[in-house]
Amino acid sequence: MSTLPSCPQCHSEFTYEDGLNLVCPECAHEWSASGPAAESAADEGRVIKDSVGNVLNDGDTVTVIKDLKVKGSSLVVKVGTKAKNIRLIDGDHDIDCKIDGIGAMKLKSEFVRKA
């Protein structure tokens, strides 16, 4: 039986050591073996903030602060347009939302303000 901790991401018990890191073969997550402080930092994830520094959470309502052209279309998201019930995602565009009249789209957090 292994004395290594389970994967903090998928909770798999099949972890192994690779140098100073621990690796999960099921989800390919790597983390430092230096202790629980490193694991809790990995669980917290990153904090996404809007254009004025307010922390955004899933389910928030945001307002667009700049006219945004919709790529591949002639549509424009105007200043003051609200996006309700946002979802935070990883990647270049931080916010996944649905805007009335346009549909589902992804926005960068630097172009919105928490409403």
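The coordinates are above.
Draft legend 1. Region of the structure containing the sheet that holds strand S1 (residues 16-18). Within the open sheet, the three strands sit side by side as S1-S2-S3. Their pairing is antiparallel. A strand with exactly one partner marks an edge of an open sheet, and here the two such strands are S1 and strand S3 (30-32). This sheet shows a mean twist of 35° between the axes of neighbouring strands, independent of strand direction. Across three bridges, the pairing between S1 and strand S2 (residues 21-23) is antiparallel. The residue of S2 that forms the bridge with Asp 18 is Asn 21.

Draft legend 2. How the structure looks around the sheet that holds strand S7 (residues 82-88). Spatially, the five strands line up as an open sheet ordered S9-S8-S7-S4-S10, and their pairing is antiparallel. At either margin of the open sheet sits one strand with a lone partner, and together these are strand S9 (103-107) and strand S10 (112-114). For this sheet the average axis-to-axis angle between neighbouring strands, irrespective of direction, equals 40°. Two strands pair when backbone bridges link them, and S7 and strand S8 (residues 95-99) are joined in this way by three bridges, in the antiparallel orientation. Bridged to Lys 84 within S8 is Lys 98.

Draft legend 3. Looking closely at the pattern of salt bridges. Taken as a whole, this structure holds three salt bridges when the rule is applied. Between Asp 96 and Arg 87 there is a salt bridge, and its shortest N-O distance comes to 2.9 Å. The buried category is assigned to Asp 96, whose relative accessible area is 16%.

Cut-offs applied
- By convention here, each chain's residues receive numbers from 1 onward along its written sequence.
- Only residues with pLDDT of at least 70 get local features here, since the model is predicted, and only at 80 or more are side-chain atom pairs given and counted; chain-wide, interface and lining totals rely on the full set of residues.
- Values reported for side chains reflect all heavy atoms of the structure, with hydrogen atoms and water molecules removed beforehand.
- When DSSP locates at least two bridges between a pair of strands, those strands are taken to pair.
- The helix and strand labels rest on DSSP assignments: H or I over at least four residues marks a helix, E over at least two residues marks a strand, and numbering proceeds from the N terminus.
- Throughout, an axis means a line fitted to C-alpha atoms (over the contacting stretch in the case of helices), and angles, computed between N-to-C directions, take values from 0 to 180 degrees.
- Whenever Lys or Arg places a side-chain nitrogen within 4 Å of a carboxyl oxygen from Asp or Glu, that contact is recorded as a salt bridge.
- Only protein chains enter the accessibility calculation, which uses a 1.4 Å probe. A residue is then buried if its area is under 20% of the maximum for its type, exposed if over 50%, and partly exposed in between.

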